[in-house]
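One letter stands for each residue in the lines below.
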Amino acid sequence: MFKKKSLVSEIIRLVILLFAVSVLAFVLITSAPIDPLTSYIGTESTLSPEARQEIANYWGLNDPLPQRFFTWLGHLFHGDLGQSITYKRPVAAIIGERFTMSIILMIVSWVLSGIIGFILGMFCGKHENSVFDRIIKTIFLGLKSAPTYWLGLIILTVFAVLLGWFPIGMAAPIGKAATDVTLGDRIYHLILPAFTLTIVSMGDVILYTRQKYIDIARSDYVLYARTRGETDGQITRRHILRNIALPAITLQFASFSELFGGMALAENVFSYPGIGTATTAAALNADVPLLLGISLVSAVFVFSGNLIANILYGVFDPRIREGKAHA
Amino acid sequence: MELLNIKELLVAFSMYKKGFRKYELEVIHQLSLNVNSGEIVAVVGSSGSGKSILAEAVLGLLPKNSHMHGEITYKGQKVDKKSIRKYMGTDIAYIPQSIDHLDPIMKVGKQVMGVHGSKERQRKLFKQYGLPEDTEKKYPFQCSGGMARRVLVTSALMGKPDLIIADEPTPGLDLKMALEALKDFRELADAGTGILLITHDIDLALGVADRIAVFYAGSVLEVAPVEDFVKHKDRLRHPYSQALINALPQNNFEPIRGTQPYAGDLFSGCLFAPRCHMRDDKCACDVPMMDVRGGKVRCVHAADG
């Protein structure tokens, strides 16, 4: 199914991808019109020009760009991602913390959007063109065209500001000591961002499942199953469900990149202290080490999703699985 | 015993012309046909003339935008889209054109068994039809053309059907396999099964069927014993049947002018009239199905000659 040869080639692909991503991120952040030194010491600083120059030299800001990049790369090989100038702590520690927060948010939304989206999609497909189907289709086509942050703001306005049911942001109550924060607090703060991200991610699953249901219900093999005396329930269980679920699960893994993008926007709207808000902070402060670190981690994340999707195609679809074994 | 009887069947689809003007497209009309146990009735007609719609109408598989009139009875019981379903897979079996009609991700054995079958009978049928035992563990895409055909036949036989409807079971098969398929049908019919064979291959139909139904522009123009087509061409009742037989290579290879009218622009009266050498004023009237010389025909001049 998954051979050593393809494992090696996947690793080579990942390495090339990571290199390209870090070069691109490096070029973009260094050409941004933000001075990392200014964002570090602040604009009101009374530091003398000489002292500033000294820090710049110490940080290597005056070195040519390629040299700066390779210095970073050299440290990376020793497992050192550097120090974040925004948070004044090691990049690895920040990413570790932030990523845990984001992973929880993403897993919740990913699972919910997958399950609810699949069920809604099946229902819409089964009752194609019914009032329910039309409403769901219109809503999610609309949401698909709406920007995530806008949707996040609407949800924030309605549920946190107008109704006051949920906190307007952060991952824990403001002013509470970290040690006092309960699991309940965490969940309470997670609901709105997770809800936003779920709604955003669900559209694709619904529309895909719905269309697939309609196609399969009209397929030759479903008509044939009917002539073999299978009831609607049996047809759904034996043929439709399996034929939709397998590609849908695969698609769900392949959508890691959308999930990640949506997460970054949702986190910023809700000031949720995850990797998304850290990315924004790093970009605004020209925090090169942090931004590069995040780029690498997110590239690995998205790459894994696609890789899992690729492997699952082979596992689920006998035409690929058995076809390979016989080749 | 009469298994299937179709009386004056009409099938129409609701279509939309440019804009939102709705119109009815009649693909089958005035179609009458019956199948008895132990016989093969072949419906022959050119590709794209709507023969498959006939099978779909009988099996209740027509899409939502269609409607049908007329009467279909199975063993004397009037059936419709819903009531036919209790016979499906047991009393009535359908043999589709190709293995594409099997679920691509379900193993062949499980599909042949279906919901009414048993493992023992599946194995017995596989043996009987010379399918290797490991076929049941294969997926449809792993079956060769010949295997696929036999898989579809064994699926049909799973429920010990009295009536089999086969829609173009031979295209894509080489001559040897096609003949083998028809031999299987013949054996089944000789054992008492009634078979409705829908095909565009006249030669193969002539080789295996007991009666031939000539399908033209959505209707059956003539139903006659196969001998009339093979040995006594002059006994054929409809000018189109005669023209069809004369157009075969082994006969005179003689074409006639014109083409079948398209389902969208049908006219009243005999649909073959514009191409017919016997055409006269009577042909513009409604033509009923008549019994002539032991066959059925829809032609006002059939009794004359």
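For the structure given in this document, a descriptive report is provided here. Please read all numbers here as calculations on a predicted model, not as lab measurements.

**Side note on helix α12 (residues 275-284) of chain A**
For an α-helix, 3.6 residues make a turn, and residues three or four places apart therefore share a direction. Those residues of α12 of chain A that sit buried are I275, G276, T277, A278, A281 and A282 of chain A. Where α12 of chain A ends, the next residue or the one after it, A286 of chain A, has phi of about 50 degrees, a positive value.

**Structural notes on the layout of surface pockets**
Looking at the largest pocket, its volume works out to about 1,100 Å³. Sorting the residues of the lining of the largest pocket by element identifies α5 (91-126), α8 (183-217), α9 (220-227) and α10 (232-254) of chain A together with α1 (51-59) of chain B as the ones contributing at least two each. At 5 residues, α9 of chain A tops the list of elements feeding residues into the lining of the largest pocket. Of the residues assigned to the lining of the largest pocket, the class counts are 13 nonpolar, 7 polar and 12 charged. Taken as a whole, the second largest pocket encloses approximately 690 Å³ of empty space. When residues in the lining of the second largest pocket are grouped by element, the largest group, 5 residues, is from helix α4 (residues 65-77) of chain A. Of the residues assigned to the lining of the second largest pocket, the class counts are 12 nonpolar, 7 polar and 4 charged.

**Brief notes about the packing of aromatic side chains**
All names here are of chain A. In total, this model carries 19 aromatic pairs over all chains according to the counting rule given. Summarising the aromatic geometry, the rings of W110 and F253 are spaced 5.0 Å apart at their centres and angled 65 degrees between planes, so their arrangement reads as edge-to-face. Taken together, the positions of W110 in helix α5 and F253 in helix α10 put the pair 143 residues apart, joining distant regions of the chain. Taken together, F99, W110, F253, F256, F260 and F301 form an aromatic cluster joined through their ring pairs.

**Quick word on the sheet that holds strand β8 (residues 194-199) of chain B**
Sheets are built from strands that pair by backbone hydrogen bonding, the pairs being arranged parallel or antiparallel. All names here are of chain B. Taken in spatial order, the 8 strands of this open sheet run β6-β7-β8-β3-β9-β10-β12-β11, and their pairing is mixed. Every other strand in the sheet has two partners, leaving β6 (92-95) and β11 (290-292) as the edge strands with one partner each. Strand-to-strand twist of the sheet, defined as the mean angle between neighbouring strand axes without regard to direction, takes the value 20 degrees. Of the strand pairs in this sheet, β6 and strand β7 (residues 163-167) are connected by 4 bridges, and their pairing is parallel. Paired with I95 across the bridge in β7 is A166.

**Structural notes on the interface of chain A and chain B**
Contact residues are listed per partner, giving 24 residues for chain A and 28 residues for chain B. The contact between chain A and chain B buries some 2,400 Å² in all, and 58% of this surface belongs to carbon and sulfur atoms. The tally of links from chain A across to chain B stands at 1 salt bridge. Salt-bridge contacts for R85 of chain B lead to D232 of chain A; the nearest nitrogen and oxygen are separated by 3.5 Å. Of all the elements in the fold, those that place two or more residues in the side of chain A that touches chain B are α9, α10 and α14 (318-326) of chain A. For the side of chain A that touches chain B, the element with the highest residue contribution is α10 of chain A, accounting for 7 residues. The residue inventory of the side of chain A that touches chain B, partitioned by class, reads 5 nonpolar, 8 polar and 11 charged.

**Comments concerning unusual backbone geometry**
The phi dihedral of K88 of chain A falls on the positive side, at around 55 degrees, and the residue is not glycine. Inspection of the secondary structure puts K88 of chain A in the loop between α4 and α5. The backbone phi angle of F253 of chain B is positive, close to 55 degrees, even though this residue is not glycine. Look at F253 of chain B and you get exposed, because its relative accessible area is 58%.

**Thoughts on the packing of α10 of chain A against helix α11 (residues 256-269) of chain A**
Residue and element names in this part refer to chain A. Viewed as axis vectors pointing N to C, α10 and α11 meet at an angle of 45 degrees, and their least axial separation amounts to 5 Å. Regarding the angle of α10 to α11, the classification is oblique. Counted together, Q252, F253 and A254 of α10 and F256, S257 and E258 of α11 form the full contact between these two elements. A class-by-class count of the residues in the contact of α10 with α11 yields 3 nonpolar, 2 polar and 1 charged.

Rules of the game
- Residues numbered from 1 in each chain as written.
- Chains lettered and ligands numbered in written order.
- Predicted model: local features only at pLDDT ≥ 70, side-chain atom pairs only at ≥ 80, totals over all residues.
- Heavy atoms only, no water.
- Buried < 20%, exposed > 50% of the residue type's maximum accessible area, 1.4 Å probe, protein only.
- Helix = DSSP H or I, 4+ residues; strand = E, 2+ residues; numbered from the N terminus.
- 1 Å grid on protein atoms, 1.4 Å probe; cavity = no way out; pocket = protein on both sides within 12 Å on 5 of 7 lines; lining within 4 Å.
- Points joined across faces, edges and corners; volume = space filled by probe spheres on them.
- Nonpolar A, V, L, I, M, F, W, Y, C, P; charged D, E, K, R; others polar.
- Phe/Tyr/Trp six-rings, centres within 6.5 Å; stacked < 30°, edge-to-face > 60°.
- Pairing = 2+ DSSP bridges.
- Axes fitted to C-alpha atoms, helices over the stretch in contact; angles between N-to-C directions.
- Contact = heavy atoms within 4.5 Å.
- Buried area = accessible area lost by both parts, 1.4 Å probe.
- Salt bridge = Lys/Arg side-chain N within 4 Å of Asp/Glu carboxyl O.
- Parallel < 35°, antiparallel > 145°, perpendicular 65-115°, else oblique.

Read these as spatial facts, not as claims about activity.
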